[in-house]
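Each chain, written out:
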Amino acid sequence: MNKGYLIAHVTVSNADAYAEYAKAAGEAMQAFSPKVIAWSGQYENLEGESHERHVVFEFASFAEAKRFYESPQYQAARAIRAGAATGTFVLVEGAA
């Protein structure tokens with residue numbers, strides 16, 4: 001089974017509210033145990049809309065990544081993020 005990846009590109013507009021989101025999202029992730037592949041740090045925007053934060057999480061499968069994103073715990077965290085940040089979130093199936 002191929003791995004699943006959640007890739008997020010985010011620009012924060014309210015740091016305090018975003019910190020609350022990050023805490024809640026981290027708690028929601030505990031049940032899914034994703035591996036952190038990339039977490040912000042140095043980046044270079046080569047094309048498209050630029051964001052200040054970039055994260056990549058590896059899950060056991062695409063379905064597991066989707067279960068995390070759709071879980072009630074993460075959706076509650078996502079509601080906290082509304083108004084605190086903008087961005088793009090993508091689920092991608094890994095190569096075999």
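Scroll up to find the structure.
Below you will find a few notes about this structure. (Residues numbered from 1 in each chain as written. Predicted model: local features only at pLDDT ≥ 70, side-chain atom pairs only at ≥ 80, totals over all residues. Heavy atoms only, no water.)

Topic: the overall build of the protein
Then comes step 1: Scanning the protein from N- to C-terminus turns up three helices and four strands.
Then comes step 2: For the protein, the α and β elements follow one another from N to C terminus as β-α-β-β-α-α-β.
Then comes step 3: Here the C-alpha atoms of the protein give a radius of gyration of 13 Å, agreeing with the 12 Å that 2.2 N^0.38 yields for 96 residues.
Then comes step 4: When the backbone C-alpha atoms are referred to their principal axes, the protein occupies close to 40 × 35 × 20 Å.
Then comes step 5: Sequence separation of 24 or more characterises 79% of the internal contacts of the protein that already satisfy a separation of 6 or more.
Then comes step 6: A total accessible area of about 6,100 Å² is found for the protein, and carbon and sulfur atoms account for 52% of it.
Then comes step 7: Taking the average location of the 8 positive side-chain charges in the protein and that of its 11 negative ones, the two points are 7 Å from each other. (Helix = DSSP H or I, 4+ residues; strand = E, 2+ residues; numbered from the N terminus. Rg over C-alpha atoms; globule rule 2.2 N^0.38 Å. Contact = heavy atoms within 4.5 Å. Areas by Shrake-Rupley, 256 points an atom, 1.4 Å probe, with all protein chains shown as cover. Lys, Arg positive; Asp, Glu negative; His and termini not counted. Charge placed at Lys NZ, Arg CZ, Asp CG, Glu CD.)

Some words on the pattern of salt bridges
Then comes step 1: Counting across every chain of the model gives two salt bridges.
Then comes step 2: Among the ionic pairs, Glu64 bridges to Arg67, the shortest N-O distance being 2.7 Å. Separated by three residues within a single helix, Glu64 and Arg67 lie in helix α2 (residues 62-70), roughly one turn from each other.
Then comes step 3: Here Glu64 falls in the buried class, since its relative accessible area comes to 19%. (Salt bridge = Lys/Arg side-chain N within 4 Å of Asp/Glu carboxyl O. Buried < 20%, exposed > 50% of the residue type's maximum accessible area, 1.4 Å probe, protein only.)

Things to note about the nonpolar core
Then comes step 1: Of all hydrophobic cores here, the largest spans 21 residues; its most connected members are Tyr18, Phe59, Phe68 and Tyr74.
Then comes step 2: Elements that contribute at least two residues to this core include exactly β1 (4-12), α1 (15-29), β3 (53-59), α2 and α3 (72-81).
Then comes step 3: If one sorts the elements of this core by residue count, α1 sits on top with seven residues.
Then comes step 4: Once residues lying within four places of it in the same chain are set aside, the contact partners of Tyr18 are Val10, Val12, Arg53, Arg81, Ala84 and Ala85. (Core = buried A, V, L, I, M, F, W, Y, C linked by side-chain atoms within 4.5 Å.)

Things to note about the sheet that holds strand β4 (residues 85-93)
Then comes step 1: In space, the four strands of this open sheet follow the order β2-β3-β1-β4, with antiparallel pairing throughout. The sheet is open, and its two borders are formed by β2 (35-39) and β4, each paired with just one other strand. Averaged over all adjacent pairs, the angle separating strand axes in this sheet is 15 degrees, with direction ignored.
Then comes step 2: As paired elements, β1 and β4 share nine bridges and run antiparallel to each other. Considered in β4, the bridge of Thr11 is made with Thr86.
Then comes step 3: Together, β1, β3 and β4 form the strand contacts of α1, whose direction differs from that of β1 by roughly 165 degrees. (Pairing = 2+ DSSP bridges. Axes fitted to C-alpha atoms, helices over the stretch in contact; angles between N-to-C directions.)

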